[in-house]
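Each chain is listed here by its residues.
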Amino acid sequence: MKVLAIDTSSVVATCAVLDEEKLLGEYTLNQDMTHSERLIPMIKTLMDSLKLKPEDIDLFAGSVGPGSFTGLRIGLATIKGLAHVVDKSVIGISTLEALAFNVPFDGIVIPIMDARRGRVYTGIYRWENGKLMNVMEPTILNIDELLDIVNSKYEKVLFNGDGTLVFKDRIDEKLKQKALYAPISLNMAKASSIGELALLKWEEGCQENYFNLSPDYLRESQAQRQLNEKR
């Protein structure tokens, strides 16, 4: 069973193709370019290199957020369009769950994504018997709120995500030796993690319709906030 997975929730654009337990190929760029310019060429390059066509893919997967509003819309529109053309199933994966899945750490993993104004998108995850479990549902918190929760409940945690670059000094100041950090290569979105999680959810019976799959922003867009303020 072949899966095409993408993640465009941040400045990173990444796509991958998996075949059951094998990663066939992955293409990742971390550049200041728009996803609308690079995503389709990346997918085409990867698929051509593997001598695959869209109809060879059995399942399509994409990150649903949180993250960049524009990036998520582009990514999901792409993956839904491809699934629609070949009439195959889609599965949406939380960006935060995928980040935590990058790191099979024996303990608590806390992905953090910069949400601006001193806030982070975050969740708390734990690996148990080789399975990633959700301890705290994805949410948006002030970084100090999150660190107070960690300080009160845990002795050692591992952080990953782009928020670690923004808030490392604050984390070290408040948590000191409690905080560990993922390697650079595991600190950003990986389409292979999206794909593997999608396969696991597929095996559990999860299926989604490409008409209904939608982003999970965790907060209103700037345009929506401005509209609400005028009411």
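Analysis parameters
- Residues numbered from 1 in each chain as written.
- Predicted model: local features only at pLDDT ≥ 70, side-chain atom pairs only at ≥ 80, totals over all residues.
- Heavy atoms only, no water.
- Helix = DSSP H or I, 4+ residues; strand = E, 2+ residues; numbered from the N terminus.
- Rg over C-alpha atoms; globule rule 2.2 N^0.38 Å.
- Buried < 20%, exposed > 50% of the residue type's maximum accessible area, 1.4 Å probe, protein only.
- Contact = heavy atoms within 4.5 Å.
- Areas by Shrake-Rupley, 256 points an atom, 1.4 Å probe, with all protein chains shown as cover.
- Lys, Arg positive; Asp, Glu negative; His and termini not counted.
- Charge placed at Lys NZ, Arg CZ, Asp CG, Glu CD.
- pLDDT = per-residue confidence, 0-100.
- Pairing = 2+ DSSP bridges.
- Axes fitted to C-alpha atoms, helices over the stretch in contact; angles between N-to-C directions.
- Expected span 1.5 Å × (residues − 1).
- Arc of directions from axis to C-beta.

Along its length, the protein chain carries seven helices and ten strands. For a compact globule of 231 residues, the expected C-alpha radius of gyration is about 17 Å, and the protein chain comes in at 18 Å, within 12% of that figure. When the backbone C-alpha atoms are referred to their principal axes, the protein chain occupies close to 50 × 50 × 35 Å. Looking at the 231 residues of the protein chain, the share that counts as buried comes to 47%. When contacts within the protein chain are restricted to residue pairs at least 6 apart in sequence, those whose partners lie at least 24 apart make up 63%. Roughly 11,600 Å² of accessible area belongs to the protein chain as shown, and the carbon and sulfur atoms make up 50% of that amount. Taking the average location of the 27 positive side-chain charges in the protein chain and that of its 32 negative ones, the two points are 4 Å from each other.

Of all residues in the protein chain, 94% have pLDDT values of 70 or greater, and the mean over the chain is 92. The low-confidence segment residues 220–231, where pLDDT is below 50, has six contacts with residues more than four positions distant or belonging to other chains.

Locating Pro 104 in the fold gives a position in the loop between α3 (95–101) and β6 (108–114). Relative accessible area serves as the criterion here: at 64%, Pro 104 is assigned to the exposed category. Along the sequence, Pro 104 and Arg 126 sit 22 residues apart, while their C-alpha atoms lie 9.1 Å from each other.

Quick look at the sheet that holds β6 now. In spatial order, the strands read β8-β7-β6-β9-β10; together these five strands make up an open sheet with mixed pairing. A single partner strand is all that each edge strand has here, and the edge strands are β8 (131–142) and β10 (179–181). Strand after strand, the sheet turns through a mean of 25° between neighbouring axes, direction not considered. Pairing of β6 with strand β7 (residues 119–128), which is carried by five bridges, proceeds in the antiparallel orientation. Paired with Val 109 across the two strands is Tyr 125, which belongs to β7.

Here we come to helix α1 (residues 35–49). The end-to-end C-alpha distance of α1 is 20 Å, a good match for the 21 Å that 15 residues give at a rise of 1.5 Å each. Of the residues making up α1, those classed as buried are His 35, Arg 38, Leu 39, Met 42, Ile 43, Leu 46 and Met 47. The arc that holds the buried residues of α1, viewed along the axis, is 155°, so those residues lie on one side. Away from its buried face by more than 90 degrees, α1 exposes Glu 37 and Lys 44. Residues of α1 that are buried in the fold lie against β1 (2–7), β2 (12–19), β3 (22–30) and α2 (69–86). One or two positions beyond α1, positive phi appears at Lys 51, with a value near 55°.

Let us look at unusual backbone geometry. Residue Pro 66 is bonded to the preceding Gly 65 through a cis peptide linkage, with omega at 10°. Mapped onto the elements of the fold, Pro 66 is located in the loop between β4 (59–65) and α2. One non-glycine residue, Asn 129, lies in positive phi territory at about 50°. Looking at the secondary structure, you find Asn 129 in the loop between β7 and β8.

With respect to topology, five strands assemble into an open sheet ordered β3-β2-β1-β4-β5, the strand pairing being mixed. Taken across any chain shown, the strands that pair with only one partner, and hence form the sheet edges, are β3 and β5 (89–94). Within the sheet, the average angular offset between the axes of one strand and its neighbour, ignoring direction, is 15°. Examined bridge by bridge, β1 and β4 share four bridges and lie parallel to one another. Opposite Ala 5, over in β4, you have Ala 61 as the bridge partner. In the packing of α2 onto the sheet, the strands contacted are β1, β4 and β5, and the crossing angle to β4 comes to about 160°.

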